[in-house]
Amino acid sequence: MDRLHVTESVETTLYREANGRRMRGSGRTTSADAEGLWEALTRHMDSVPESEVERQRRAGARRGHSVDATHPPTHLRRRLLLAGPPLPASVKADAERARRIAAELSGPRAEVARELVRDGIHA
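Residues numbered from 1 in each chain as written. Predicted model: local features only at pLDDT ≥ 70, side-chain atom pairs only at ≥ 80, totals over all residues. Heavy atoms only, no water.

**Observations concerning the packing of helix H2 (residues 31-47) against helix H5 (residues 95-119)**
Argument step 1. For the pair H2 and H5, interaxial distance at closest approach is 8 Å and the crossing angle is 95°. Classified by the angle between their axes, H2 and H5 sit roughly perpendicular to one another. On H5, the residues touching Asp33, Ala34, Glu35, Leu37 and Trp38 of H2 are Arg109, Ala110, Val112, Ala113, Arg114, Leu116 and Val117.
Argument step 2. Considering only residue class, the contact of H2 with H5 consists of eight nonpolar, no polar and four charged. (Axes fitted to C-alpha atoms, helices over the stretch in contact; angles between N-to-C directions. Helix = DSSP H or I, 4+ residues; strand = E, 2+ residues; numbered from the N terminus. Parallel < 35°, antiparallel > 145°, perpendicular 65-115°, else oblique. Contact = heavy atoms within 4.5 Å. Nonpolar A, V, L, I, M, F, W, Y, C, P; charged D, E, K, R; others polar.)

**Considerations on the packing of helix H1 (residues 7-24) against H2**
Argument step 1. At a minimum axis distance of 10 Å, the contact between H1 and H2 shows a crossing angle of 150°. Relative to H2, the crossing made by H1 is right-handed. Packed against H1, whose contacting residues are Ser9, Val10, Thr13, Leu14, Glu17, Ala18 and Arg21, the element H2 presents Asp33, Gly36, Leu37, Ala40, Leu41, His44 and Met45 at the interface.
Argument step 2. The class makeup of the residues in the contact of H1 with H2 is seven nonpolar, four polar and three charged. (Left-handed = near helix turned anticlockwise from the far one by under 90°.)

**Re the pattern of salt bridges**
Argument step 1. Considering all chains together, one arrives at six salt bridges under this definition.
Argument step 2. For Arg55, the salt bridge is made with Glu52, and the minimal N-O distance between the two is 2.8 Å. In this pair, Arg55 and Glu52 both sit in helix H3 (residues 50-63), three residues apart, roughly one turn of the helix.
Argument step 3. Glu52 gets classed as partly exposed once you look at its relative accessible area, which sits at 24%.
Argument step 4. A salt bridge links Glu96 to Arg99, with the nearest nitrogen and oxygen atoms 2.6 Å apart. Placement of the pair is Glu96 and Arg99 together in helix H5, with a separation of three residues, close to one helical turn. (Salt bridge = Lys/Arg side-chain N within 4 Å of Asp/Glu carboxyl O. Buried < 20%, exposed > 50% of the residue type's maximum accessible area, 1.4 Å probe, protein only.)

**Thoughts on the nonpolar core**
Argument step 1. Core analysis: the biggest nonpolar cluster contains 13 residues, and Leu14 and Leu37 have the highest contact counts within it.
Argument step 2. At five residues, the largest contribution of residues to this core is made by H2. (Core = buried A, V, L, I, M, F, W, Y, C linked by side-chain atoms within 4.5 Å.)

**Observations regarding helix H4 (residues 74-83)**
Argument step 1. Taken as a whole, H4 has its buried residues at Thr74, His75 and Arg77. Mapping the buried residues of H4 onto a view down its axis gives an arc of 160°, with all of them on the same face. Seen from the open side of H4, the exposed residues pointing more than 90 degrees away from its buried face are Arg79, Leu80 and Ala83.
Argument step 2. Buried-residue contacts for H4 involve H3. (Arc of directions from axis to C-beta.)

See the structure below:
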């Protein structure tokens, strides 16, 4: 939830990466293009300093940031989640289960990346 505050930079990263892959490509989107998109996005998210996340969190609270009209402001949802004691996960994924989930999602993950590279991002 904390990372929702930096979605503008995620969108910028997706635009840049998708456009770059389209420009370098031969007109066909390869699996490497698709996988590279997610790797670039992961690197970007890992590079956002906590100070920027905190700055965006404070700015979001001031403007009442919500994911969309059906969600209460993100800062209020975050406050509610942090108000109570942490609870253990009710569903736990061991390495095998995580591998099966990743395998199940690999097709849709690749297709979404191919569409982003091929067609761009439509806001």
